[in-house]
Amino acid sequence: MHNHLSRTLERLARVKRERILPRMHTRLGGVEVEAWTVADDGEPVSARHALGLARDTGRTAPGYSHFPLGAAWGKAWSTTWFRIRGKVSPQQPGPIDLVLDLGWFDHSVGGHCEGLIFTPDGAIVKGLHPRQSDVRLKGDGAVPGLLDADGAFLLYVEAAANPLLLGLPPFVVTEHGEKGAEEPFEQFRLRRAEIATFSPEIHALCNDLDVLGGLAAELSADEPRHWRLLRAIEEALDVYDEADAEAAARRARAILAPLLAAPAHASAHRITAVGHAHMDTAWLWPLRETVRKLARTVSNALALLDADPALVYAMSSAQHFSWLEEHYPELFARVRRHVEQGRFVPVGGMWVEADGVIPTGESMVRQLTYGKRYFISRFGREPREMWLPDSFGYSGVLPQLARRAGSRWFLTQKISWNDTTVFPHHSFWWEGIDGTRIFTHFPPAETYAAEVTARELRHAVATFKDKAIASHSLLPYGYGDGGGGPTREMAERLRRFADLEGAPRVTSRSPAEFFEEAEAELLDAGSLQPVYRGELYLELHRGTLTSQAAMKRHNRRCESLLRAAEYLSTAASVLRGAPYPREDLDEIWRTVLLHQFHDILPGTSIAWVHREARDTYRAIEERLHELIKVAGAALGGEQADPAGGVLPPFTVAKPPAAAVEVTDGDGTVLDDGLLRVVIGDDGHVTSLLDLRSGREVVPPGRRLNELQIFRDEPVRWDAWDVDRHVLRHPQVIDEVTSRRVIRGGRDAGVEVVRRVGTSTITLSMWLRAGTGRFETECVVDWQERERLLKVAVPARIMARTARFETQYGYVERPLLTNTAAEEAMFEAAMHRYVQVADGDFGLAIVNDSMYGADARADGDSTVVRLSLLRGARFPDPRADEGTHTSRWAVLPGADVPAAVEAAYAFNTPDLAGLPQVAPLVRLEVLTGHAIVDWVKQADDGSGDLVVRVYETQGGRATARLHCSEELGSGAVLWETDLLEREIGGDEDLPVAVGPPGSRRPVSEARLDLGPFQVATLRIAP
């Protein structure tokens, strides 16, 4: 017998496209369409306003008029409301749908125009997108009450004209990331609006063919199953005749049924499928649009859950639930009912899916505490997994913070995007920088938005790295990024893949059920259990550490102001009885946490998002300054000390010292008895001598504070990526516009103005007397596009590694490039310091607003370059344009404790004018090094104090905590988890004040801290 099956799958694709899918809906008749485009400022109105149920203050009343099919609707980012009337004959049999096409592309679900259907009384029916374009009027799945007794219906559609910004080809520069752009915009057109019958049989045939055709494409031609699938598909296509589609579909399905009934192999990989819609809190749309996206996506998910009792849907981010609760309370009530049934599952336990690298340690704590408390308060449930599928790297402190917040598991997918090495595991123990382990899973399908296709499932099996000891993985399925979620087609494929020869077994379950079983399976492996230690460095998206520098600067400033405001407000409450501004602080924290979302803080959203964020940050900073002022007044009133005032326990006071001596000649020499700095006539530092050790920092022939500019033209992902080729050809900025000696009090320095392109850079380099610190302030009027600006700090230190600060510790990264993984860290994350050392001499570079740096060995020296600014063109074509101010300082002779203390001092906001008050708590370090990071009131309103302490060096430390006498002689102290709950004896995490659950007088509070251990101490006055 001759074989002619090689083109069967091509035949299948065309027959399905042209002859099967068009028969799924058969037109019965048209509908009457009216439209109203929201005017005024173009921003959305409430559904009650659009439906004429209530008036939004200051908004124009809706005025609907006839809208012809095929007409264009809406400018970019505008909203048009469609009013649709029609009638279904009561005698018409079968399921009947209203079918709409708002003008979609057949791709980019959630990435361009969308719709949301309402009943006349304001109830939400479902969302609309390219793969979800109909609503059931009659038959199984219809919403009760849509048709009146005569079969008539009236529905409203809120249509959002969101532009397609990431299209085909991708990364095309566009102005439409901002509202009101003058760039031409091709409006969407209403292409379809009709009543049609729906054929369940043809729909089922499509799903049968999708599953079996997809499976045949993935199976090897050496496998008999491949050929049997092709033969059955060929026979099914032979019997299908569109002239009698319903009957033909039944005949075709009968041919395919035995192939669908063949069970999976006994050793088949198992997959837990979880409905999901990874929802970016902002990205290619503003925050306000995410609120509406949530309604569209959640309404679709709820409709699917109502129709299929086997499905489970998971959603992360307390902020998203909170928005639903505020803006769509009826939808939120439906969610709550499904949560109670265990089918709509809150996951993650964080306020948003935050960036995993840039936020400070306390911010990551608050992401967890605000998130978990919200879920506990609204649903009585505490998520046990940390769910971060799409962040751009993951700090090595996250295992400890997750475990100390009561979480047990961690999930991400993003590391599969690595551009150099392949991560070695999918189910493993992730060990943090402190030694804490957390069970971690990377879905091997390598997507957080699966469509439940044969290709995805076979990829999961082929990719899974831990087959020898594990047999189970997770599949989050549903359209994501811009939302959309699962569809009925995905649910149908899921059922067919439940037990199918040639595929893994697929089951719909909750994430917790998967994690429980997968963790137990790994534990059974005994000594074979894989462990990965340290940070999860993403070998991609390195530019997110620098893009939109204002996001980084404002975030750092807000974190520092919050530290001061909470401490001073606590002191005012404890010492003076002043009210603690809990509601204000909570609101500010939630706003800061929101903006730490992984496409806002990293700088990868459209211009609209960052414009609003800058305004929001400025308002927050004003509020925090006001809270600090109020606390200062309560503490001391008119006895303000202009020199410094209240110094929180983590602030290092500036010691008195002689003034800096300035000598001009061959360059300018600055000398304060600790450091001697020579700044040449070209404005570069040619010598930095540590007079205490006699060590010269600047290598021969090198210059410190050398500004370098690079052509920054990524291959893709403009705002996200800094590519290798970018760093190959630095151009030194030598042009000097002006140069002068500057003085301020005991300090002195040199100001140098440089130009590059159309940008102006002013460097004010100061020797701060008595601090051992050579400091630079850099003010840039930045106008460059696709350029990267760095400053080089070469040091005559021969080191193999550098310590980059991360949350509650540091990451030690290689300075060498012996391996591919070492080379791939050519740009990496830091917080407030980078420190290098050889022998007993170290050097630290501290900063006030930067997060990206590169560091490499260079002979007997080390070169650290801080990344200052970029100029990406997508998705914001004018990203970073404008004036930026940043500061850094070089500290010769600094070890890690010195770097930590200098970093705190360098980032502490100006507290001048506040009264002098004894500190509430003081840490007496006995051995090693530890520091008080945060002091606040307990979240439960009890008036207890909460003190966060951590070990800084990666060693061990002992210390004694001393408390202010105002706390009372009967004050007691105990250790808690991050949610300030008493730690029980069943935890396997090390405790600082043991044994677990013990309370002791503050006078006996001795702390024993392990490497990078974080301790949360609660004190009852």
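Residues numbered from 1 in each chain as written. Predicted model: local features only at pLDDT ≥ 70, side-chain atom pairs only at ≥ 80, totals over all residues. Heavy atoms only, no water.

This part covers the pattern of salt bridges. Summed over the entire model, instances satisfying the criterion amount to 96 salt bridges. Glu-289 is paired through a salt bridge with Arg-292; the nearest N and O atoms lie 2.8 Å apart. Of this pair, Glu-289 and Arg-292 both sit in helix 6 (residues 287–307), three residues apart, which is roughly one turn of the helix. Arg-292 carries the same exposure label as Glu-289, and that label is buried. Three or more residues are tied together by salt bridges with common partners; here these are Glu-43, Glu-114, Glu-158, Lys-179, Arg-288, Glu-289, Arg-292, Lys-293 and Arg-296. (Salt bridge = Lys/Arg side-chain N within 4 Å of Asp/Glu carboxyl O. Helix = DSSP H or I, 4+ residues; strand = E, 2+ residues; numbered from the N terminus. Buried < 20%, exposed > 50% of the residue type's maximum accessible area, 1.4 Å probe, protein only.)

Here we come to helix 12 (residues 488–496). Because each turn of an α-helix spans 3.6 residues, side chains separated by three or four positions in sequence point in the same direction. Along helix 12, the residues that are buried comprise Met-490, Ala-491, Glu-492, Arg-493, Leu-494 and Arg-496. Those residues of helix 12 that are buried lie in contact with helix 3 (200–218), helix 5 (245–261), strand 13 (270–275), strand 20 (472–477) and strand 21 (505–508). (Contact = heavy atoms within 4.5 Å.)

Take the sheet that holds strand 22 (residues 531–533) next. Pairing in this open sheet of five strands is mixed, and the strands run 16-17-19-18-22 from one edge to the other. Whereas interior strands pair on both sides, the edge strands pair on one side only; in this sheet they are strand 16 (385–387) and strand 22. If you compare each strand with its neighbour and ignore which way they point, the axes differ by 30° on average. Sheet topology note: the strand 16/strand 17 (residues 409–411) ladder contains three bridges and is parallel. Looking at the pairing, Trp-387 lines up with Leu-411 of strand 17. (Pairing = 2+ DSSP bridges. Axes fitted to C-alpha atoms, helices over the stretch in contact; angles between N-to-C directions.)

Relative orientation of the contacting elements helix 9 (residues 361–379) and helix 15 (residues 582–594) amounts to 105°, with a least axis distance of 10 Å. Classed by the angle they form, the pair helix 9 and helix 15 counts as roughly perpendicular. Touching Glu-362, Ser-363, Arg-366, Gln-367 and Tyr-370 of helix 9 are Leu-585, Asp-586, Trp-589, Arg-590 and Leu-593, all from helix 15. Of the residues belonging to the contact of helix 9 with helix 15, the class tally is four nonpolar, two polar and four charged. (Parallel < 35°, antiparallel > 145°, perpendicular 65-115°, else oblique. Nonpolar A, V, L, I, M, F, W, Y, C, P; charged D, E, K, R; others polar.)

It is worth spelling out the pairing of strand 46 (residues 957–963) at this point. Note: strand 43 (residues 921–927) against strand 46, six bridges, orientation antiparallel. Residue pairing across strands places Leu-923 opposite Leu-961, the latter belonging to strand 46.

Our next topic: the nonpolar core. If you look at the biggest cluster of nonpolar residues, it comprises 217 residues, and the most contacted ones within it are Trp-81, Phe-344 and Ile-1019. When residues in this core are grouped by element, the largest group, 12 residues, is from helix 14 (residues 549–576). Setting aside residues up to four positions removed in sequence, Ile-1019 forms contacts with Val-921, Asp-944, Leu-945, Val-947, Leu-961, Cys-963, Leu-967, Ala-971, Val-972, Leu-973 and Val-1002. Grouped together as the second largest cluster of nonpolar side chains are 53 residues, Ile-761, Ala-802, Val-864 and Leu-868 included. (Core = buried A, V, L, I, M, F, W, Y, C linked by side-chain atoms within 4.5 Å.)

One open sheet accounts for five strands, arranged 23-24-25-26-27; its pairing is antiparallel. Among the strands making up the open sheet, the edge pair consists of strand 23 (661–665) and strand 27 (695–696). As paired elements, strand 26 (residues 685–690) and strand 27 share two bridges and run antiparallel to each other. If you follow Leu-689 over to strand 27, its bridge partner there is Glu-696.

Within the element layout of this structure, Thr-369 appears in helix 9. Residue classification places Thr-369 among the buried residues on the basis of a relative accessible area of 2%. When neighbours within four sequence positions are excluded, Thr-369 is seen to be in contact with Leu-978 and Leu-979.

Taken as a whole and judged by the stated rule, the model has 36 aromatic pairs. Geometrically, the ring pair formed by Phe-423 and Phe-428 is tilted, given 5.2 Å between the ring centres and 50° between the ring planes. Accessibility assignment for this pair places Phe-423 and Phe-428 in one class, buried. One Lys or Arg, Arg-887, reaches over the ring of Phe-906 and ends 4.0 Å from the middle of that ring. (Phe/Tyr/Trp six-rings, centres within 6.5 Å; stacked < 30°, edge-to-face > 60°. Lys NZ or Arg CZ within 6 Å of the ring centre and 35° of its normal.)

The subject of this paragraph is the layout of surface pockets. Estimated volume of the largest pocket: approximately 1,400 Å³. Lining the largest pocket we find 43 residues, and of these Lys-16, Leu-21, Asp-106, Arg-131 and Asp-210 sit closest to its centre. Those elements that provide at least two residues to the lining of the largest pocket are helix 1 (8–20), strand 6 (96–101), helix 3, helix 11 (454–463) and helix 12. A class-by-class count of the residues in the lining of the largest pocket yields 19 nonpolar, nine polar and 15 charged. (1 Å grid on protein atoms, 1.4 Å probe; cavity = no way out; pocket = protein on both sides within 12 Å on 5 of 7 lines; lining within 4 Å. Points joined across faces, edges and corners; volume = space filled by probe spheres on them.)

Now for unusual backbone geometry. A cis amide bond, omega 0°, links Leu-168 with the succeeding residue Pro-169. Tracing the backbone through its elements, the reader meets Pro-169 in the loop between strand 10 (152–160) and strand 11 (188–189). Residue Pro-875 is reached from Phe-874 by a cis peptide bond, and omega for that bond is 5°. Mapped onto the elements, Pro-875 comes out in the loop between strand 41 (861–869) and strand 42 (882–892). The backbone of Phe-171 shows a phi angle near 65°, a positive value even though the residue is not glycine. Phe-171 gets classed as buried once you look at its relative accessible area, which sits at 16%. The backbone of Asp-481 shows a phi angle near 70°, a positive value even though the residue is not glycine. Mapped onto the fold, Asp-481 is located in the loop between strand 20 and helix 12.

This next bit is on helix 6. Between its first and last C-alpha atoms helix 6 spans 31 Å; for 21 residues at 1.5 Å apiece the expected length is 30 Å, and the two agree. For helix 6, the buried fraction is high: 18 of the 21 residues fall into the buried class. (Expected span 1.5 Å × (residues − 1).)

Turning our attention to the packing of helix 14 against helix 15. Put simply, helix 14 and helix 15 touch, their axes get as near as 11 Å, and they point 160° apart. Here helix 15 runs roughly antiparallel to helix 14, going by the angle between their axes. Crossing handedness for the pair helix 14 and helix 15: left-handed. Taking contact as the criterion, the partners of Asn-555, Cys-558, Leu-562, Ala-565 and Glu-566 in helix 14 are, on helix 15, Leu-585, Ile-588, Trp-589 and Val-592. By residue class, the composition of the contact of helix 14 with helix 15 is seven nonpolar, one polar and one charged. (Left-handed = near helix turned anticlockwise from the far one by under 90°.)

Within strand 9 (residues 134–138), four of the five residues are buried, which leaves it mostly tucked inside the rest of the structure. Looking at chain direction, strand 6 and strand 9 are connected through four bridges and run antiparallel. Counted as the bridge partner of Val-99 is Asp-134 from strand 9.

Mapping Ala-245 onto the fold places it in helix 5. For Ala-245, a relative accessible area of 10% puts it in the buried group. In sequence terms Ala-245 and Ile-679 are 434 residues apart; their C-alpha atoms lie 84 Å from each other. When near neighbours in sequence (up to four residues on either side) are disregarded, Ala-245 contacts Arg-23, Ile-202 and Tyr-240.

A few words on the confidence of the model for the protein. Of the residues in the protein, 98% have a pLDDT of 70 or more, and the chain-wide mean is 95. Scored below 50 in pLDDT, residues 638–645 shows 17 contacts in the model against residues more than four places distant or in partner chains. (pLDDT = per-residue confidence, 0-100.)

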